[in-house]
Amino acid sequence: MLLDQQYLFAPGPTPVPDRVKHAMNQPMIAHRSPEFPKLLEEVSTRLMPVFGSQHPVTILASSGTSALEAAAANVIEENDHVVVIIAGAFGDRFASICETLGAHVHRLNVEWGKACTPEQLEDFLRSNPKNLKAVFATYCETSTGVVNPIRELGHVTKRLTDALFIVDGVSCIGAVPVDMKEWKIDILVSGSQKALMLPPGLAFVAVNDTAKEVIRNCKAKRFYLDLNHYLSSYENDKSTPFTPAVSLIYGAQEVCNMFEEEGFENVINRHQVLKTMVREGLKAIEVPLLTSDEDASPTVTAVRTIDEPSKQIKKLLKDKFAITLGGGQKKLKGEIFRIGHMGYCTPFDVLKVLASIEMTIKILEGKNVMGIALKRAEEVWMENV
Ligand SMILES: *Cc1c(COP(=O)(O)O)cnc(C)c1O
């Protein structure tokens with residue numbers, strides 16, 4: 001096969017459209033020249049509907065985890081009590097960040113592969129300290145392919161506490177609906193290399209007025225990630241406090257063009273179709289999925305690997321078909337593999353993955369399921385064209 005035809009289906013980083021690559025190749029501009037503020041203002045503003053934010057989105061030059069850290073470091077002071085919902089590796093990371101910053105972390109552990117229900121959060125909040133600074137949740141838990149019911153969790157948080165509701169949307173913002181005001185989210189963060197179709201290197205933080213006030217008054221030590229610098233630079237002259245990743249921001253401008261051309265509603269619907277094609281296709285050939293249909297993410301699907309042959313699927317897909325998937329993380333290492341279907345991904349791309357899995361099963365187990373997952377996935381697609 002052509003060696004440069006590689007198919008990237010990891011749950012981040014994800015493929016970058018050619019248009020976006022070209023946009024990033026524009027001549028460099030000085031970020032203190034008059035051109036840059038126009039670019040920053042345009043992109044920060046055009047991202048507002050994607051983040052469901054009432055305010056321009058803050059853009060950092062760093063990976064998604066820096067946005068998680070920024071969200072925590074700008075509100076947590078030593079010995080603050082916080083609740084972190086942990087349904088997988090990224091919830092766990094949020095908890096580690098909060099612990100590092102000196103918070104008392106109350107871990108709401110949810111079985112990996114399941115979503116946190118509003119009732120679970122309600123019970124947990126009732127039995128834990130009332131003076132909480134924040135409740136942290138993960139919208140799409142990338143390590144299990146689960147989406148948490150963020151809207152409901154936000155409402156429970158605000159009904160029972162005065163805490164901020166802070167959400168990690170790294171692996172789904174750009175592919176899912178969100179409304180910070182209506183869903184009671186105070187801070188929503190994301191990264192560039194997942195559903196936003198960009199290379200790694202940008203982190204995004206959307207904050208509401210309540211969070212801005214807390215951030216302004218927060219006495220915790222921080223420098224590069226002090227959001228006050230970013231918010232005031234933007235307010236004063238639409239600039240950034242430190243050198244921005246100009247090329248990536250040009251890329252983000254092109255991503256906004258693409259979202260607007262397709263229509264963001266259609267972007268969201270396309271991800272629903274991709275998810276359903278993957279899941280129905282795999283079910284048709286009896287490949288076991290980690291999550292229920294109700295909890296399943298539109299951006300990443302986790303497949304259980306229960307016997308020896310199935311543990312070889314990921315490696316064989318890479319070696320024989322140049323398809324890159326994600327593996328299991330932490331306690332799911334060796335137990336699952338994950339298919340990313342977000343960002344620059346079409347129904348045709350899903351057919352590539354499913355066809356390759358069918359052939360891989362034939363190679364590994366001698367079982368002929370060829371065409372079965374494809375047929376089912378095509379039917380799902382047909383219902384949605
Ligand atoms: C990828 C991811 C992150 C971390 O982002 P990095 O860019 O790797 O730092 C955080 N949270 C979630 C849910 C993710 O999927």
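Source: prediction; values computed, not measured. (Residues numbered from 1 in each chain as written. Predicted model: local features only at pLDDT ≥ 70, side-chain atom pairs only at ≥ 80, totals over all residues. Heavy atoms only, no water.)

> Is there a simple way to think about the UniProt feature "binding site: substrate" (unreviewed entry) in the protein in this case?
In this numbering, the UniProt entry assigns the feature "binding site: substrate" (unreviewed entry) to Arg338. Note on placement: Arg338 falls in strand β14 (residues 336-340). Apart from residues no more than four positions distant in its own chain, Arg338 is found in contact with Phe9, Pro11, Thr142, Ser143, Val300, Thr301, Ala302, Leu325, Gly326, Gly327 and Gln329. Among the polar contacts listed, one links the side chain of Arg338 to the backbone oxygen of Gly327, at a separation of 2.7 Å. (UniProt positions renumbered as here; feature names shortened; annotations may be inferred. Helix = DSSP H or I, 4+ residues; strand = E, 2+ residues; numbered from the N terminus. Contact = heavy atoms within 4.5 Å. Polar contact = N/O pair within 3.5 Å; in protein donor to acceptor, adjacent residues only side chain to side chain.)

> What exactly am I supposed to notice about the pattern of salt bridges here?
Think of it this way: side chains of opposite charge can pair up when their charged atoms draw near. For the structure shown, the criterion picks out 26 salt bridges. Of the charged contacts, one joins Lys330 and Asp92 as a salt bridge, the two residues approaching to 2.9 Å between their closest N and O atoms. Taken together, the residues span a long stretch of sequence, with Lys330 in the loop between β13 (326-327) and β14 and Asp92 in helix α5 (residues 89-100) at a distance of 238 residues. A relative accessible area of 51% places Lys330 in the exposed class. (Salt bridge = Lys/Arg side-chain N within 4 Å of Asp/Glu carboxyl O. Buried < 20%, exposed > 50% of the residue type's maximum accessible area, 1.4 Å probe, protein only.)

> Just checking my understanding: could you explain the pairing of β14 for this structure?
Looking along a regular strand, one sees the side chains alternate between the two faces of the sheet. Of all five residues in β14, five are buried, a share of seventy percent or more. Here strand β11 (residues 300-304) pairs with β14 via five bridges, running antiparallel. For Ala302, the partnering residue across the bridge sits in β14 and is Arg338. (Pairing = 2+ DSSP bridges.)

> What's the story with the environment of Asp179 in this structure? I'm lost.
Tracing the sequence through the fold places Asp179 in the loop between β8 (164-168) and α8 (180-183). Residue classification places Asp179 among the partly exposed residues on the basis of a relative accessible area of 28%. In the structure, Asp179 is positioned 64 residues away from Ala115 in sequence and 19 Å away in space, judged by C-alpha atoms. Not counting chain neighbours up to four residues away, the residues in contact with Asp179 comprise Gly52 and Lys184. A distance of 3.1 Å separates a polar side-chain atom of Asp179 from the backbone nitrogen of Glu182.

> Help me out: how do you make sense of the site of the ligand in this one?
Around the ligand, the structure places 13 residues, and the nearest of them are Ser63, Thr65, Thr142, Asp168 and Lys194. Take Thr142: an N or O atom from its side chain is 2.4 Å from an oxygen atom of the ligand. Between the ligand and Gln193, the relevant distance is 2.8 Å, taken from an oxygen atom to a side-chain nitrogen or oxygen of the residue. The protein chains hide 90% of the 380 Å² of surface that the ligand would expose on its own. Going through the elements one at a time, α4 (64-73) and α5 are the ones with two or more residues in the shell around the ligand. Classifying every residue of the shell around the ligand gives three nonpolar, seven polar and three charged. (Near = heavy atom within 4 Å. Areas by Shrake-Rupley, 256 points an atom, 1.4 Å probe, with all protein chains shown as cover. Nonpolar A, V, L, I, M, F, W, Y, C, P; charged D, E, K, R; others polar.)

> Please explain the nonpolar core as it appears in this structure.
Across soluble globular proteins, you tend to see nonpolar side chains buried next to one another. With 62 residues, the main nonpolar core has Phe51 and Tyr139 as its most contacted residues. It is helix α11 (residues 246-262) that provides the largest number of residues to this core, a total of nine residues. Summarising the domain contributions, this core has at least three residues from each of domain 1 (7-14 + 263-383) and domain 2 (18-260). Counting residues in each nonpolar core, the second largest holds 33 residues, with Ala72, Val75, Cys98 and Ala203 among its members. (Core = buried A, V, L, I, M, F, W, Y, C linked by side-chain atoms within 4.5 Å. Domains from an automatic or database assignment.)

> Sorry if this is basic, but what is going on with the side chain of Asn74 here?
Relative to the elements of secondary structure, Asn74 occurs in the loop between α4 and β3 (81-86). Assessed through its relative accessible area of 0%, Asn74 is described here as buried. A polar contact is formed between the side chain of Asn74 and the backbone oxygen of Ala70, at a distance of 2.8 Å. There is a polar contact of 2.7 Å between the side chain of Asn74 and the backbone oxygen of Leu225. Setting aside its immediate chain neighbours within four residues, Asn74 contacts Val214, Ile215, Cys218, Arg222, Leu225, Asp226, Leu227 and Asn228.

> What should I look at first to understand the domain arrangement of the protein in this one?
By a widely used convention, the size of an interface equals the accessible area lost when the partners come together. Here the domain parsing of the protein yields domain 1 (7-14 + 263-383) and domain 2 (18-260). Centre-to-centre, using C-alpha coordinates, domain 1 lies 28 Å away from domain 2. Between domain 1 and domain 2, the contact holds 27 residues from the first and 30 residues from the second. Each partner contributes to the roughly 2300 Å² buried at the junction of domain 1 and domain 2, and carbon and sulfur atoms together form 64% of this total. Ranking the residues of domain 1 by area buried against domain 2 places Phe264, Asp295 and Gln329 at the top, with a combined share of 23%. Counting every contact that joins domain 1 to domain 2 gives one salt bridge. For the pair domain 1 and domain 2, the interface holds ten residue pairs in polar contact (both at pLDDT 80 or more). Ranked by residues supplied to the side of domain 1 that touches domain 2, first place goes to helix α12 (residues 264-284) with four residues. When its residues are assigned to classes, the side of domain 1 that touches domain 2 shows 14 nonpolar, nine polar and four charged. (Buried area = accessible area lost by both parts, 1.4 Å probe.)

> Got a minute to help me understand the state of the cysteines in this structure?
Here is the idea: a disulfide is a covalent bond, and it sits between the sulfur atoms of two cysteines. Throughout the structure, instances matching the rule amount to zero disulfides. Of all cysteine sulfurs in the structure, the one in Cys172 sits closest to Cys140, which takes part in no disulfide; the separation is 5.3 Å. Exposure remark for Cys140: the relative accessible area of 2% places this residue in the buried category. (Disulfide = S-S within 2.5 Å.)

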